[in-house]
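What follows is each chain in one-letter form.
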Amino acid sequence: MIKNAVKCQNLTKTYGEEEARVEALRGINLEAHANELLMLVGPSGCGKTTLLSVISGILSFDAGNIHVFGEDIGNMNEVEKTAFRKKNIGFVFQALHLIPTWTALENASIPLLLNGVSEEDAYARGAEMLNKVGLAHRKDALPLHMSGGEQQRVAICRGCVHEPRLIICDEPTSTLDHQTGIHVVELIKEVAVSEDKAVIIVTHDDRIFGFADRILRMDDGRIIGALHSTETE
């Protein structure tokens with residue numbers, strides 16, 4: 001029996017009012033399964049990033065409902081959402097959001113530190129993740145002294161290091177060369193796809209489509225269908 005990691009029903013989200021009103025999500029129905037890497041594709045501005053933010057509880061929504069591993073996100077207050085995210089969700093943001101005064105190792109270890117893991121253990125696990133993405137030699141570097149691709153790999157380490165049940169990625173390979181992009185998606189899939197875990201990736205990068213278990217198309221705030229395997233070849 002397929003177990004849902006995420007289930008969205010009739011989900012809507014708008015920004016602004018009257019003439020400035022924008023319907024970002026228009027009745028989204030989506031299921032992301034445990035033990036699955038789901039990709040969302042579609043043109044810029046179609047609502048993909050908004051959907052990720054709503055699923056994770058970062059943004060509120062207007063109507064519908066969202067369950068993440070059976071938990072009703074819409075019924076949580078902000079404190080409960082924050083606690084739920086801290087434990088269960090890992091993020092790889094398009095804008096990265098690395099702390100500029102912290103080293104690569106410190107940035108990679110943030111979720112563990114927030115979850116009460118000792119500094120010694122958190123940094124040991126952070127260093128292990130950096131090694132997996134080829135950045136062991138850069139663990140003491142500040143983001144300012146790293147390339148965009150290196151920063152992206154640190155952000156991926158941060159998203160995976162605490163072994164969250166759901167990893168949400170917004171264009172995780174956008175600044176990476178082909179070989180590094182393939183490697184980090186392999187790593188994400190290895191770490192985050194299992195019987196009780198799932199990954200949702202928003203991407204325009206057709207080089208990584210082959211790693212997806214399913215690919216859904218979005219346009220104009222709606223899921224409009226699936227991208228079939230013959231279309232990824």
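Use the structure listed above.
Residues numbered from 1 in each chain as written. Predicted model: local features only at pLDDT ≥ 70, side-chain atom pairs only at ≥ 80, totals over all residues. Heavy atoms only, no water.

J.: Teacher, can you tell me more about the sheet that holds strand β2 (residues 22-33) here?
T.: Whenever strands of a sheet pair, they do so through backbone hydrogen bonds, lying parallel or antiparallel. Spatially, the four strands line up as an open sheet ordered β2-β1-β4-β5, and their pairing is antiparallel. The open sheet has two edge strands, β2 and β5 (71-72), and neither has a second partner. Both strand β1 (residues 4-15) and strand β4 (residues 63-68) contribute to a ladder of five bridges, which runs antiparallel. Bridged to Cys8 within β4 is Ile66. (Pairing = 2+ DSSP bridges. Helix = DSSP H or I, 4+ residues; strand = E, 2+ residues; numbered from the N terminus.)

J.: Hey, could you run me through the nonpolar core in this one?
T.: The nonpolar side chains of soluble globular proteins are, as a tendency, buried together. In terms of nonpolar packing, the biggest core is built from 42 residues, with Met39, Leu130 and Val199 touching the most fellow members. When contributions to this core are tallied by element, the ones reaching two or more residues are β3 (36-41), α3 (104-114), α4 (119-132), α5 (148-160), β7 (166-170), α6 (178-192) and β8 (198-202). Here this core gets seven residues from one element, more than from any other, and that element is α6. Residues in contact with Leu130, not counting those within four places in the same chain, are Ala104, Leu105, Ala108, Leu135, Ala136, Lys139, Val154 and Cys157. (Core = buried A, V, L, I, M, F, W, Y, C linked by side-chain atoms within 4.5 Å. Buried < 20%, exposed > 50% of the residue type's maximum accessible area, 1.4 Å probe, protein only. Contact = heavy atoms within 4.5 Å.)

J.: Can you walk me through unusual backbone geometry in this structure?
T.: With glycine set apart, most residues show a phi of negative sign, and most peptide bonds adopt trans. In the Ramachandran plot, His97 falls in the positive-phi region, its phi being about 60° despite a non-glycine side chain. Within the secondary structure layout, His97 lies in the loop between β6 (89-92) and α3. Despite not being glycine, Glu163 shows a phi value in the positive range, around 50°. For Glu163, the location among the structural elements is in the loop between α5 and β7.

J.: Explain the packing of α5 against α6 here, please?
T.: Describing two packed helices takes the angle between their axes plus the distance from one axis to the other. Running from N to C, α5 and α6 point in directions that differ by 5°, and their axes come no closer than 11 Å. Classified by the angle their axes make, α5 and α6 are roughly parallel. In this structure, α5 uses Arg153, Ile156 and Cys160 to contact α6, whose residues at the interface are Thr180, Val184, Ile188 and Val191. Taken together, the residues of the contact of α5 with α6 sort by class into five nonpolar, one polar and one charged. (Axes fitted to C-alpha atoms, helices over the stretch in contact; angles between N-to-C directions. Parallel < 35°, antiparallel > 145°, perpendicular 65-115°, else oblique. Nonpolar A, V, L, I, M, F, W, Y, C, P; charged D, E, K, R; others polar.)

J.: Before we go on, may I ask you to explain the packing of aromatic side chains in this structure?
T.: By convention here, two paired aromatic rings are described through the distance between centres and the angle between planes. Enumeration according to the criterion identifies one aromatic pair in this entry. Where Phe91 meets Phe93, the ring centres are 5.2 Å apart and the plane angle is 5°; that geometry is what we call stacked. When its relative accessible area of 15% is taken as the criterion, Phe91 is described as buried. According to the relative accessible area criterion, Phe93 is partly exposed, its value standing at 27%. The positively charged end of Arg165 is found above the aromatic ring belonging to Phe69, 3.9 Å away from the centroid. (Phe/Tyr/Trp six-rings, centres within 6.5 Å; stacked < 30°, edge-to-face > 60°. Lys NZ or Arg CZ within 6 Å of the ring centre and 35° of its normal.)

J.: Teacher, can you tell me more about α3 here?
T.: In terms of residue burial, α3 counts as a mostly covered element, since eight of its 11 residues are buried. Among the residues of α3, those classed as buried are Ala104, Leu105, Asn107, Ala108, Ser109, Ile110, Pro111 and Leu112. Looking at the buried residues of α3, the elements they touch are α4 and α5. Gly116 sits one or two residues past α3 and shows a positive phi near 85°.

J.: Please clarify how the pairing of β4 should be interpreted in this entry.
T.: Side chains on a regular strand alternate between the two faces of the sheet. Both β4 and β5 contribute to a ladder of two bridges, which runs antiparallel. Along β5, the bridge assignment pairs His67 with Asp72. The antiparallel hairpin formed by β4 and β5 contains two residues in its connecting segment, where Phe69 sits at a positive phi of about 50°.

J.: Explain the pattern of salt bridges to me, please; I cannot follow it from the model alone.
T.: Two side chains that carry opposite charge are able to pair once their charged atoms sit near each other. Taken as a whole and judged by the stated rule, the model has 11 salt bridges. A salt bridge links Arg138 to Glu150; the shortest N-O distance between them is 3.4 Å. Within this pair, whereas Arg138 is found in the loop between α4 and α5, its partner Glu150 is found in helix α5, the two being separated by 12 residues in sequence. For the salt bridge of Asp213 with Lys189, the shortest nitrogen-to-oxygen distance reads 3.8 Å. (Salt bridge = Lys/Arg side-chain N within 4 Å of Asp/Glu carboxyl O.)

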